[in-house]
Amino acid sequence: MKRELSRKAFHVASTVLPLLVWLAPRPLAVAVLVPVAAVALAVDVARLRMRWPRYHFLRLTRTMLRPHERRGLAGATYMAVAYALALLLFPKPVAVAAMLYNGLGDAAAALVGKRWGRHRTAWGKSWEGFAAALATNLAVGLAVGWVDPRLPLAGALAGALAGAALEMAPLPLDDNLRVTLGGGAAAWLASAAAWGALTPPA
């Protein structure tokens, strides 16, 4: 539980990035998030290939990493890449909501599931965690849509459901990628259906 709290504290702290996307001009947000993703990916590749970076990386992060992350890319790297892609692919309100699905919804699912999860799937996820993620994602989507109508109710509902379902599903793709990009794609497509056209990234 201690490791999970540390990991989800990092998720919650990542909400500073969608806040940057919301408040800053798009070129500035791109100039921050894309290099952050590139550096995170470069550091991860270096520590997987070379002993010296691997030693220092694991020395600092061993208590937070899951076993598969010691032999592959870390969740934080997937998160950085997912946030950069969301910014590049989606309109601003959808990108912000998508990042918050991961930063807040995923954290809610994990913490509620660990603490109060009683009804579990065959692969270990709990329905209580799913409900927490869905409620959090829906609150995020409605709040973003209230400020920027380019994320209508249909988009908020679709994104919330997709983000929660993708967090729960036993898929091989890292959950930082699938929640952010899957939830964002669902919100974008549902918004397009509501408005009758796809809104370009901006």
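Thresholds, definitions, all that
Residues numbered from 1 in each chain as written. Predicted model: local features only at pLDDT ≥ 70, side-chain atom pairs only at ≥ 80, totals over all residues. Heavy atoms only, no water. Helix = DSSP H or I, 4+ residues; strand = E, 2+ residues; numbered from the N terminus. Expected span 1.5 Å × (residues − 1). Buried < 20%, exposed > 50% of the residue type's maximum accessible area, 1.4 Å probe, protein only. Contact = heavy atoms within 4.5 Å. pLDDT = per-residue confidence, 0-100. Bend = angle between axes of the 7 residues up to and from the residue. Patch = residues over 30% accessible without salt bridge, like charges linked within 9 Å, V, L, I, M, F, W, Y side chains within 5 Å. Areas by Shrake-Rupley, 256 points an atom, 1.4 Å probe, with all protein chains shown as cover. Salt bridge = Lys/Arg side-chain N within 4 Å of Asp/Glu carboxyl O. Axes fitted to C-alpha atoms, helices over the stretch in contact; angles between N-to-C directions. Parallel < 35°, antiparallel > 145°, perpendicular 65-115°, else oblique. Left-handed = near helix turned anticlockwise from the far one by under 90°. Nonpolar A, V, L, I, M, F, W, Y, C, P; charged D, E, K, R; others polar. Phe/Tyr/Trp six-rings, centres within 6.5 Å; stacked < 30°, edge-to-face > 60°. Lys NZ or Arg CZ within 6 Å of the ring centre and 35° of its normal.

Engineer: Sorry, what's going on with helix α8 (residues 153-168) here?
Structural biologist: One turn of an α-helix holds 3.6 residues; hence residues three or four places apart share an orientation. An ideal rise of 1.5 Å per residue puts 22 Å on 16 residues; α8 measures up with 23 Å between its terminal C-alpha atoms. Taken residue by residue, α8 has Gly-155, Ala-156, Gly-159, Ala-160, Ala-162, Gly-163, Ala-164, Glu-167 and Met-168 as its buried positions. For α8, the secondary structure elements touched by its buried residues are α6 (92-116), α7 (127-147) and α9 (175-195).

Engineer: What exactly am I supposed to notice about the confidence of the model for the protein here?
Structural biologist: Close inspection of predicted coordinates is inappropriate for parts of the model with low pLDDT. Mean pLDDT over the protein works out to 87, with 83% of the residues at or above the 70 mark. When mean pLDDT is taken per element in the protein, α8 scores highest with 97 and helix α4 (residues 51-61) scores lowest with 62.

Engineer: Is there a simple way to think about α6 in this case?
Structural biologist: The terminal C-alpha atoms of α6 lie 34 Å apart, and with 25 residues this matches the ideal 36 Å at 1.5 Å per residue to within 8%. Within α6, the axis deviates most sharply at Tyr-101, by approximately 30°. Here α6 lies mainly inside the structure; 18 of its 25 residues are buried.

Engineer: What should I look at first to understand a nonpolar patch on the surface in this one?
Structural biologist: Together, Val-34, Leu-85, Leu-88 and Leu-89 make up a nonpolar patch on the protein surface, roughly 280 Å² of accessible area in all. Ranked by residue count, the leading element in the nonpolar patch is helix α5 (residues 75-89), at 3 residues. Residue position: Val-34 is located in helix α3 (residues 26-49). By relative accessible area, Val-34 is classed as partly exposed at 32%.

Engineer: Looking at this structure, I do not really get the packing of α6 against α9. What am I missing?
Structural biologist: When two helices pack together, their arrangement is given by the angle between their axes and by how far apart the axes lie. Here α6 crosses α9 at 140°, and the two axes come no closer than 8 Å. Looking at the two axes, α6 sits oblique to α9. In this structure, α6 meets α9 at a crossing whose hand is right-handed. Mapping the contact onto sequence places Val-94, Ala-98, Met-99, Tyr-101, Asn-102 and Asp-106 in α6 and Asp-175, Asn-176, Val-179, Thr-180, Gly-183, Gly-184, Ala-187 and Trp-188 in α9. The class makeup of the residues in the contact of α6 with α9 is 7 nonpolar, 5 polar and 2 charged.

Engineer: Just to check I follow, could you spell out the packing of aromatic side chains for this structure?
Structural biologist: The geometry of an aromatic ring pair is captured by two quantities: the separation of the ring centres and the angle between the planes. Tallied over the entire structure, the rule returns 2 aromatic pairs. When the ring of Phe-90 is compared with that of Trp-188, the centres are 5.6 Å apart and the planes differ by 65°; the resulting orientation is edge-to-face. Of this pair, Phe-90 sits in the loop between α5 and α6 while Trp-188 sits in helix α9, and the two are 98 residues apart along the sequence. On the basis of relative accessibility, which here comes to 18%, the residue Trp-188 falls in the buried class. Over the face of the ring belonging to Trp-22 we find Lys-92, whose NZ or CZ atom lies 5.3 Å from the ring centre.

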